[in-house]
Amino acid sequence: QVQLVESGGGLVQAGGSLRLSCAASGRTFEMYAMGWFRQAPGKEREFVAAITWSSGTSYDADSVKGRFTISRDEAKNTVYLQMNSLKPEDTAVYYCAADVTPWGTRVGVDEYDYWGQGTQVTVSS
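What you see is a predicted model, and the numbers here were worked out from it, not measured in a lab. (Residues numbered from 1 in each chain as written. Predicted model: local features only at pLDDT ≥ 70, side-chain atom pairs only at ≥ 80, totals over all residues. Heavy atoms only, no water.)

Describing the nonpolar core
So, step 1. With 35 residues, the main nonpolar core has Leu4, Met34, Trp36, Val79, Leu81, Met83 and Tyr94 as its most contacted residues.
So, step 2. Broken down by secondary-structure element, the contributors of at least two residues to this core are β1 (2–7), β3 (18–26), β4 (33–39), β5 (46–52), β7 (68–73), β8 (78–83), β9 (92–99) and β11 (119–124).
So, step 3. Once residues within four sequence positions are removed from consideration, Met83 is found in contact with Gly16, Ser17, Leu18, Leu20, Arg67, Phe68, Tyr94 and Val121. (Core = buried A, V, L, I, M, F, W, Y, C linked by side-chain atoms within 4.5 Å. Buried < 20%, exposed > 50% of the residue type's maximum accessible area, 1.4 Å probe, protein only. Helix = DSSP H or I, 4+ residues; strand = E, 2+ residues; numbered from the N terminus. Contact = heavy atoms within 4.5 Å.)

This is how it looks when you write it as structure tokens:
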């Protein structure tokens, strides 16, 4: 099993920045990728960004391209999401996830095997 703990959420004004962190523990050697998803009230959970653990290849949703950056620290088993130029529509609960499958698109909710508890990000206008 892999345990994931997110941190770094909060309240920020539009145009501001936040950095989310997700620390993984347990059978981290099974991880092939880690991702960030978000869910706003009344909406489905949606892909934000992902990164493959070994190569560092990253994937971004069109809605966050140029504003959000995903990165990882292999030594700390931690993935980060740097969020800049935040907009009110970025308001959501942000979830970290781990994928233990060697292949996949890395953008599908159903592809991920382990999830964190989520951290709230609120962007005021």
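Focus on the packing of aromatic side chains
Between two aromatic rings, the relevant description is the distance of the centres plus the angle of the planes.
So, step 1. What the rule picks out here adds up to 4 aromatic pairs.
So, step 2. Ring geometry for Phe37 and Phe47: centres 5.7 Å apart, planes at 70°, overall edge-to-face. With Phe37 in strand β4 and Phe47 in strand β5, this residue pair connects regions lying 10 residues apart in the sequence. Here Phe37 and Phe47 have matching classes, each one buried.
So, step 3. Put simply, the rings of Phe37, Phe47, Tyr112 and Trp115 pair up and form one aromatic cluster. (Phe/Tyr/Trp six-rings, centres within 6.5 Å; stacked < 30°, edge-to-face > 60°.)

Looking at the state of the cysteines
Think of a disulfide as a covalent bridge from one cysteine sulfur atom to another cysteine sulfur atom.
So, step 1. For the coordinates displayed, the defined rule picks out 1 disulfide.
So, step 2. Disulfide pairing is shown between Cys22 and Cys96; the S-S distance is 2.0 Å. Taking the sign of the torsion about the S-S bond as the criterion, the disulfide between Cys22 and Cys96, at about -80°, is left-handed. Placement of the pair is Cys22 in strand β3 and Cys96 in strand β9, with a sequence separation of 74 residues. One exposure class covers both Cys22 and Cys96, and it is buried. (Disulfide = S-S within 2.5 Å.)

Looking at the pattern of salt bridges
So, step 1. Evaluated as defined, the whole model comprises 6 salt bridges.
So, step 2. Between Asp90 and Arg38 there is a salt bridge, with the nearest N and O atoms lying 2.9 Å from each other. Taken as a pair, Asp90 in the loop between β8 and β9 and Arg38 in strand β4 lie far apart in primary sequence, 52 residues in all.
So, step 3. On the basis of relative accessibility, which here comes to 6%, the residue Arg38 falls in the buried class.
So, step 4. Salt-bridge contacts for Asp90 lead to Arg67; the nearest nitrogen and oxygen are separated by 2.7 Å. Pair noted here: Asp90 is in the loop between β8 and β9 and Arg67 is in the loop between β6 (58–60) and β7, with a separation of 23 residues, a long-range link. (Salt bridge = Lys/Arg side-chain N within 4 Å of Asp/Glu carboxyl O.)

A word on the environment of Glu74
So, step 1. With respect to the element layout, Glu74 can be found in the loop between β7 and β8.
So, step 2. For Glu74, a relative accessible area of 43% corresponds to the partly exposed category.
So, step 3. Linking Glu74 and Pro41, residues 33 residues apart in sequence, is a C-alpha distance of 33 Å.
So, step 4. At 3.3 Å, the side chain of Glu74 and the side chain of Arg72 are in polar contact. (Polar contact = N/O pair within 3.5 Å; in protein donor to acceptor, adjacent residues only side chain to side chain.)

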